[in-house]
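Commentary on secondary and tertiary structure
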Amino acid sequence: MFWKKKKKAQGEKLTIFFASDLHGSAICFKKFVSGAKFYGADVLIMGGDLTGKAVVPIAEQSDGSFKSAQSGDEITLKSQDELDEFIKRVNNQGFYPAVMSETEFQAIKDDTPAQEKLFKKLVVERVREWADYAEDKLSGTDIPLITSPGNDDFFEIDEVLHKASHIQYHEDEVTELRGYEILHCGGSTKTPWDTEREYTEEQYEARFAKILPQVKDMSRCIFNVHVPPHGTIIDQCPKLDENLQVVFEMGNPVHLHAGCKALYTAIEQHQPILSIHGHIHEGRGNIKIGNTTCINPGSVYPEGLLQGALVTLQGGEVTGVQLTQG
Amino acid sequence: MSDAAGGSRIFLRKASGLIRTASGTDTYIYNTGLVSIGLGVASIMLYGPAFYPGGDLVWACMLAGVMMALIAFGLITWTVTLPRSGGIYVFGSRSMFPVLALTLSLVEITAWLFYCAIAAYWMVYLGLSPTLTFIGYLSGDQAWVDAGAWVVSPWPMFLIGSGILILSGIILSSGMRFYLMVQKWVFAVAVLGSIMLIAVLLPYSNADFVASFNALMGPILSVEDPYREIISSGREAGWAWDGQTDWTQTWLVSNWPFLPLVGAAFSIAIGGEIKSVEKSQKWGMLGAVATATIVWMITIALCTDRFGYEFLGTAAFNFLGGTGVQVDPTITLLAGVLTGSPLICILVSLGFICWMWMWIPGMHTFGVRAIVAWSFDRIAPEAWGKISPTRHTPMVAIWTCIAVTVVFMALFVFTAFFSAIVILIEAAVLAWSIVLGAGIFFPYTRPEIYEKSPIAGRKVLGLPLMTVACTLGFFAAQFYFWTLFFDPTAAGHDPQQLMIVAGVFVIGIVFYLVMKQIRKSQGIDVSLAFKEIPIE
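Because the structure is predicted, anything quoted here is derived from the model rather than measured.

The next point concerns the overall build of chain B. If you tally the helices and strands in chain B, you get 22 helices and three strands. Taken over the C-alpha trace, chain B has a radius of gyration of 24 Å; the compact-globule value for 536 residues is 24 Å, and the two agree within 12%. Expressed as a percentage of the 536 residues in chain B, the buried residues total 62%. Of the accessible surface of chain B, which amounts to about 18,700 Å², a share of 70% is contributed by carbon and sulfur atoms. Seen as two clouds, the 26 positive and the 28 negative side-chain charges of chain B have centres 22 Å apart.

Time to look at the packing of aromatic side chains. All names here are of chain B. This structure, assessed with the given rule, holds 49 aromatic pairs over all chains. Each ring, one from F213 and one from Y227, has its centre 6.4 Å from the other, and the planes form 80°; the classification is edge-to-face. Of the two residues, F213 is situated in helix α9 (residues 206–221) and Y227 in helix α10 (residues 226–237); the sequence distance between them amounts to 14 residues. Classification of F213 as buried rests on a relative accessible area of 0%. Classification of Y227 as buried rests on a relative accessible area of 3%. Each ring, one from F266 and one from W432, has its centre 6.4 Å from the other, and the planes form 70°; the classification is edge-to-face.

Our next topic: the environment of B:G322. Summarising the element assignment, B:G322 is placed in the loop between α14 (309–321) and α15 (331–339). Spatially, the C-alpha atom of B:G322 lies 9.7 Å from that of B:A237, the residues being 85 residues apart in sequence.

Residues and elements named next belong to chain A. Ordered in space as β8-β7-β2-β1-β19-β20, the six strands form an open sheet in which the pairing is mixed. A single partner strand is all that each edge strand has here, and the edge strands are β8 (167–169) and β20 (317–325). For this sheet, the mean angle separating the axes of adjacent strands, direction not counted, is 20°. Direction of pairing for strand β1 (residues 13–19) relative to strand β19 (residues 307–314): antiparallel, over a ladder of seven bridges. Within β19, the residue paired with I16 across the bridge is V311.

It is worth spelling out the interface of chain B and chain A at this point. Of the residues lining the interface, 53 residues belong to chain B; the matching set on chain A comes to 81 residues. Taking both partners together, chain B and chain A bury about 6,000 Å²; carbon and sulfur atoms supply 59% of that area. For the chain B face of the interface with chain A, the top three residues by lost area are B:R9, B:F11 and B:R13, together amounting to 17%. The tally of links between chain B and chain A comes to one salt bridge. Across the contact surface, chain B and chain A share three residue pairs in polar contact (both at pLDDT 80 or more).

Residues and elements named next belong to chain A. Both strand β3 (residues 54–60) and strand β4 (residues 66–70) contribute to a ladder of two bridges, which runs antiparallel. Bridge pairing links E60 to F66 in β4. Hairpin geometry of β3 and β4 is characterised by an intervening segment of five residues between the two adjacent antiparallel strands and by a positive phi of about 90° at G64. Relative to strand β5 (residues 73–77), β4 is paired through five bridges, and the arrangement is antiparallel. When the bridges of β5 are listed, K67 appears paired with T76.

Glancing now at unusual backbone geometry. Of note in the backbone geometry, A:D21 takes a positive phi value of approximately 55° without being a glycine. By the secondary structure assignment, A:D21 is in the loop between β1 and α1 (26–39).

With that out of the way, let us pick up a negative patch on the surface. Residues and elements named next belong to chain A. On the surface, D81, E82, D84 and E85 cluster together to form a negatively charged patch. Of note, E85 is situated in helix α2 (residues 80–93). For E85, a relative accessible area of 39% gives the class partly exposed.

All names here are of chain A. The strand order across the open sheet built from six strands is β9-β10-β11-β16-β18-β17, with neighbouring strands paired in mixed fashion. Two strands bound the open sheet, and with one partner strand each, they are β9 (173–177) and β17 (285–289). For this sheet the average axis-to-axis angle between neighbouring strands, irrespective of direction, equals 20°. Contacts from helix α6 (residues 201–211) reach β9, β10 (180–185) and β11 (221–225), with the element oriented near 155° to β10.

Residue and element names in this part refer to chain B. Residue position: S168 is located in helix α7 (residues 154–173). The exposure class assigned to S168 is buried, which follows from its relative accessible area of 0%. Setting aside its immediate chain neighbours within four residues, S168 contacts W357, I360, P361, H364 and I402.

So, about the pairing of strand β2 (residues 43–46) of chain A. Residues and elements named next belong to chain A. Here β2 shows a buried face lined by V43 and I45 and a second buried face lined by L44 and M46. One ladder, built from four bridges, connects β1 with β2; its direction is parallel. Counterpart to F18 in the pairing with β2 is I45. Handedness of the crossover joining β1 and β2 through α1 is recorded here as right-handed. Here three bridges tie β2 to strand β7 (residues 145–147), and the two strands are oriented parallel to one another. The residue of β7 that forms the bridge with L44 is L145.

On to the confidence of the model for chain B. All names here are of chain B. Averaged over every residue, the pLDDT of chain B is 88; residues scoring 70 or more account for 96%. Here residues 1–7 is modelled with pLDDT under 50, and outside its nearest four sequence neighbours on either side it reaches 18 contacts, counting other chains as well. Interface confidence for the predicted complex, expressed as ipTM, amounts to 0.80; the pTM equals 0.78.

With that out of the way, let us pick up the pattern of salt bridges. Residue and element names in this part refer to chain A. One pass over the full model with this rule turns up 16 salt bridges over all chains. Among the ionic pairs, K67 bridges to E74, the shortest N-O distance being 3.6 Å. Judged by its relative accessible area of 25%, K67 is partly exposed. A relative accessible area of 48% places E74 in the partly exposed class.

What counts as what
Residues numbered from 1 in each chain as written. Chains lettered and ligands numbered in written order. Predicted model: local features only at pLDDT ≥ 70, side-chain atom pairs only at ≥ 80, totals over all residues. Heavy atoms only, no water. Helix = DSSP H or I, 4+ residues; strand = E, 2+ residues; numbered from the N terminus. Rg over C-alpha atoms; globule rule 2.2 N^0.38 Å. Buried < 20%, exposed > 50% of the residue type's maximum accessible area, 1.4 Å probe, protein only. Areas by Shrake-Rupley, 256 points an atom, 1.4 Å probe, with all protein chains shown as cover. Lys, Arg positive; Asp, Glu negative; His and termini not counted. Charge placed at Lys NZ, Arg CZ, Asp CG, Glu CD. Phe/Tyr/Trp six-rings, centres within 6.5 Å; stacked < 30°, edge-to-face > 60°. Pairing = 2+ DSSP bridges. Axes fitted to C-alpha atoms, helices over the stretch in contact; angles between N-to-C directions. Contact = heavy atoms within 4.5 Å. Buried area = accessible area lost by both parts, 1.4 Å probe. Salt bridge = Lys/Arg side-chain N within 4 Å of Asp/Glu carboxyl O. Polar contact = N/O pair within 3.5 Å; in protein donor to acceptor, adjacent residues only side chain to side chain. Patch = residues over 30% accessible without salt bridge, like charges linked within 9 Å, V, L, I, M, F, W, Y side chains within 5 Å. Right-handed = clockwise from strand over helix to strand, strands pointing away. pLDDT = per-residue confidence, 0-100.

Below you can see the structure in the form of structure tokens.
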């Protein structure tokens, strides 16, 4: 309870600002970086799923106007101002605007491999822009930006992130951070979308078996695992059928747990100090598994709002957790 | 990777993401249930003709419906712009000082939880008691009549009412899925009850009712023409009406349909769970307002014609004031008298009871969501935000709300002062009007948020749609604040009651300041939870 007198934690205070699943939203990434100063955080951790879900072609017409789509409707942009405003809005929603001629659009609209190539090119460009932005804003500070991949992240972004000067990109390894250790494990369990980085429970068990022994002191370890632990409130989402439509029973949506069982077992057995997750956008919450604080800040990136978690560690204890929306 | 399917100019890839589950129909049912059409009919017919003689009930419903639609219009623009769960707390926390946002939310929740307790009271008073009484009248068994009177005496009322509130807690604790399933069945029975009431009234005339009423009640009351006796004794006791429509009374009596109509906007509490939010909220809120208003106008017109306005007014006046010839004037009972059928009385009563029930877990849910949101923002104890690992429900928040409503029930039943408190609705309407007032300026004060709203580009007379909608909503809310203020029957402005409202505001401010200090000592700045992160 909030009024219970707690023994004051000793030692250096470490404030983490954690967010996840920005899915290409430029405004949310900028807010995330700005969040370090705004919230007074010592470290930024991004839980993965940096990449977006849609390319929005903007096709130039013979009369100089541009045709595109918004909320399922075709729209025409008649001036440069309208075009600039539209591009900005598309970027902020996490989509990738692609200005092209109508001829190019007609050529690509039924060509799936060409679309995929364009998609990956734009995703890599966006990640590179973000890496430059982080470098620009955070260089000269001692605030690291740490991230690992989500299930939706193309493998093509790995190289960009590894090369980025101010981003620490880790996967399947344990790193050190100011007296704490961080175990990084990206991707997710199987999803209905058959995304880029999915693993079976057996594969997760094998990954944990390989990474967990690298942790020297579990009482000062943070699990940075994209998928949340199975069977909790932070991994609950609606069940989908084979057509990716929500399943209803008695008129009510059926919910299921989409998290990782192997992770739950690992947390339960090893009791790290903190476990931070994303993946399930609906699963915003803060729970305990034994003594481990488990957090999923959720995600509402299409609205341009950044959901995050501000976590304070001191003396090997979680002394504060605050879910934010800014 | 999909192609540009259906001629759409967008290339989508398969990727995981947020799935909102509540459709427009779900939103409509949620809101219509929280309007509680049956409760509206019962309360309008009980208090309307009795205390507002000459007030035209049909026009009053129309006025309340139009005003509530304007309020809903303003709230729709808020929830479309900030599609989050949490009601006015979310809107307030993004547009005004955090302390004011919390205080307005606390005032609103206090009012709704108080009316939640009153709904449990009305379930007994307007549902259970008349049913038992009518069975007694028809069967000639005095024990049923006595039981009808016994259940409304203080201790039985408190125990049954508390049992209803606790049942709501048990259902909510079992999870949203079970709650929604129960609500859908209850909603179906409630709708059938309302349809049955209209169907029952349609084939009869006022003469049929007078004959049936006199035949049944004459021997019980030992009066030859009880219908006329009730009217004449009511007039002697002070009920006065010259047969003309009184527009001042029509204006004031519109408070009674307005009170349940506020439920039509309660989907602002679940904004984060609604898909196609603009379309669904429009359909959900305005559809609920229109449905309730139309059903009330039909039912009230039929009731007034069949039972007689003068009879309804004097019967309730006598019954509630303890004067003249007294008969329970509840509509369900009168419908049973008209048909002479206990089955119809029971079925119509069951429909009414179901409508009143819809309010109770709905109001509890509204309170639970708000205090969970406070807890997430660290301005309330963590325990209120804790989710049960087994049931996946916020058990502490649920049972806190249940406990509060049981306390309200006790105060309402056992104390003369609190049983007269109806003024909290004024406080809730005032809270809404303040938030709607903030919405007028929101496109200008928070352009960085508003420009992301799907309605950002829409203008009316050169003004942002939200400004126009919230202006209309603000004036409509203010209209009802003052209507309630000048109506001592529905709310009024008794100084002692006003002190209670002021007390709730003060509690909200003190609560925020205390929590802010506690969090500060824990190294947490609660104001950060509300602020948009500035991009440098």
